[in-house]
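Coordinate inspection notes
So the chains spell out like this:
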Amino acid sequence: MRIFKIVFWILWRIWFYILMALPILAMLPFLLISISREKWYPGFFVMARFWGKFILFFMGFRVRADFEEQLEPGKSYMLVANHTSMTDIMLMLSLVKNPFVFVGKMELVKIPLFGFFYKRTCILVDRNSSKSRMEVFTRAQKRLSQGLSICIFPEGGVPDDENMLLDEFKDGAFRLAIEHQIPIVPMSFPDNKKRFSYTFLSGSPGKMRAKVHSFVSTEGFSATRKADIQELKRQVRAVILEGLQGFENKKSA
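Residues numbered from 1 in each chain as written. Predicted model: local features only at pLDDT ≥ 70, side-chain atom pairs only at ≥ 80, totals over all residues. Heavy atoms only, no water.

In the nomenclature of an unreviewed UniProt entry, the protein corresponds to 1-acyl-sn-glycerol-3-phosphate acyltransferase from the organism Flavobacterium ichthyis.

Quick look at the structure:
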């Protein structure tokens, strides 16, 4: 029985990367045009959303989203969620209609084809370089001034310990949100780790739930006060953690 599971996992992982490539190849001319100018990014984003939904659907993931509050068209937000899987990217794209830009790690540039567009449309950060971290703020500020939203997974990466429900948060997303006085949209993704974790021989099709919590205002906070950044970070982490724990309690009930 174990051997059949292993064969399934290997083929299923290969299928995932095939699904990543197929829509990119099909839309290649339009994607290349859309990334040739920054002002055409919203067109790229529409195709990126299709790409994300395509992968989730044909991987057998059934998205079930609960919105406590709806995003307003044309408004900028700071989107934050727990990070456990590559499918976090696809799920975020499927949930949010407002054009946004990911702040992501350099390593994903190495993925063939996907990495080409990832490098040219996302804000990349080398977390071992203080210079790179500072450049992220400059590029993110430019994108926010263009009316886009920003998505950051504030744990700063996927925790090595897969039993960890939620790691500690970095300051960056909260400092940026305060500086631009934009609302923070906390999201809880409880199933992505179970469905498609970074452990190769694991995962399965099935329900992929998400909860988009009520937005957290940045009014009254100052980016020059370290205590304000820490308090906002604490509030947002508590919301996401409570959401994840709520899903855990439902499962055990």
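So, next bit.
**Quick notes on the overall build of the protein**
Convention followed: By definition, any uninterrupted DSSP run of H or I lasting at least four residues is a helix, any uninterrupted run of E lasting at least two residues is a strand, and each is numbered from the N terminus. For the radius of gyration, the atom set is restricted to C-alpha positions; the globular benchmark scales as 2.2 Å times the number of residues to the power 0.38. Per-residue accessibility, obtained with a 1.4 Å probe over protein chains only, is compared with the maximum for each type, and a residue is labelled buried under 20%, exposed over 50%, and partly exposed between these values. Residue contacts are counted whenever heavy atoms from the two residues lie within 4.5 Å of one another. Shrake-Rupley sampling with a 1.4 Å probe provides the accessible areas, and residues are treated as covered by the protein chains on show and by no other component.
If you tally the helices and strands in the protein, you get nine helices and seven strands. Here the C-alpha atoms of the protein give a radius of gyration of 18 Å, agreeing with the 18 Å that 2.2 N^0.38 yields for 253 residues. Expressed along its principal axes, the backbone C-alpha trace of the protein runs to roughly 60 × 50 × 35 Å. Burial status across the protein gives 49% buried among its 253 residues. A fraction of 74% describes how many contacts in the protein between residues 6 or more apart in sequence connect residues 24 or more apart. For the protein, the accessible surface area stands at approximately 12,800 Å², while carbon and sulfur atoms represent 59% of it.

**As for the UniProt feature "transmembrane region" (unreviewed entry) in the protein**
Defined as follows: UniProt positions are given in the numbering used here, feature names are shortened, and annotations may be inferred rather than shown by experiment.
The positions that UniProt labels "transmembrane region" (unreviewed entry) are, in the present scheme, residues 6–32. Secondary structure within residues 6–32 divides into 96% helix and 0% strand; the distance between the first and last C-alpha atoms comes to 37 Å.

**Re helix 5 (residues 114–121)**
Worth spelling out the cut-off: Directions drawn from the helix axis to the C-beta atoms are what define this arc.
Within helix 5, burial applies to F114, G115, F117, Y118 and T121. Each buried residue of helix 5 lies within a common arc of 165° when the element is viewed along its axis, so the set occupies one face.

**Considerations on the side chain of S188**
Under the convention used in this document: Polar contacts here mean pairs of N or O atoms no more than 3.5 Å apart (in protein, one a potential hydrogen donor and the other a potential acceptor; neighbouring residues in sequence count only if both atoms are side-chain atoms).
Within the secondary structure layout, S188 lies in strand 6 (residues 184–188). For S188, a relative accessible area of 0% translates into the label buried. Side-chain polar atoms of S188 contact the side chain of H213, separated by 2.7 Å. Not counting residues up to four positions away in its chain, the partners in contact with S188 are N82, R209, A210, K211, H213, V239, I240, G243, L244 and F247.

**Concerning the packing of aromatic side chains**
As a reminder of what qualifies: Note on aromatic pairs: the rings of Phe, Tyr and Trp (six-membered ring only in Trp) are paired at centre separations within 6.5 Å, and the planes decide the class, stacked below 30 degrees, edge-to-face beyond 60, tilted for the rest. Charges are assigned to positions over rings by a cutoff of 6 Å between ring centre and Lys NZ or Arg CZ, combined with an angular limit of 35 degrees from the ring normal.
A full pass over the atoms with the stated rule returns 19 aromatic pairs. Each ring, one from F54 and one from F58, has its centre 4.8 Å from the other, and the planes form 50°; the classification is tilted. Taken as a pair, F54 and F58 lie in helix 3 (residues 41–58) at a separation of four residues, close to a single helical turn. Residue classification places F58 among the partly exposed residues on the basis of a relative accessible area of 42%. Between F169 and F174, the aromatic rings sit 6.1 Å apart at their centres with planes inclined by 15°, giving stacked as the arrangement. Its relative accessible area of 6% is what places F169 among the buried residues. Ring pairs connect the aromatic residues Y41, F44, F45, F100, F102, F116, F117 and F153, which therefore count as one cluster. Over the aromatic face of F196 sits the side chain of R13, whose NZ or CZ is 3.9 Å from the ring centroid. Note that R143 overlies the ring of Y41, its terminal NZ or CZ placed 5.0 Å from the centroid.

**Some thoughts on the nonpolar core**
In plain terms, the rule: Each nonpolar core is a collection of buried residues, namely Ala, Val, Leu, Ile, Met, Phe, Trp, Tyr and Cys, held together in the definition by side-chain atoms within 4.5 Å.
If you look at the biggest cluster of nonpolar residues, it comprises 79 residues, and the most contacted ones within it are M78, L79, M92 and M187. The biggest single contributor to this core is helix 3, with nine residues. M78 has contacts with I150, I152, A173, L176, A177, I182, P183, I184 and V185, leaving out every residue within four places of it along the chain.

**Some words on the sheet that holds strand 7 (residues 206–212)**
Consider a sheet: its strands pair through backbone hydrogen bonds, and that pairing is either parallel or antiparallel. For clarity, the threshold we go by: For two strands to be treated as a pair, DSSP must find no fewer than two bridges joining them. Convention adopted: a line fitted to C-alpha atoms gives each axis, helices being fitted over their contacting stretch, and angles between N-to-C directions are expressed from 0 to 180 degrees.
An order of 1-7-6-2-5-3-4 is seen for the seven strands of this open sheet, with the pairing classed as mixed. One side of each edge strand has no neighbouring strand; the edge strands of this open sheet are strand 1 (61–67) and strand 4 (123–125). Going across the sheet, the axis of each strand differs from the next one's by a mean of 20°, ignoring polarity. Pairing analysis gives seven bridges linking strand 1 to strand 7, with the strands arranged parallel. Within strand 7, the position partnered with F67 by the bridge is V212.

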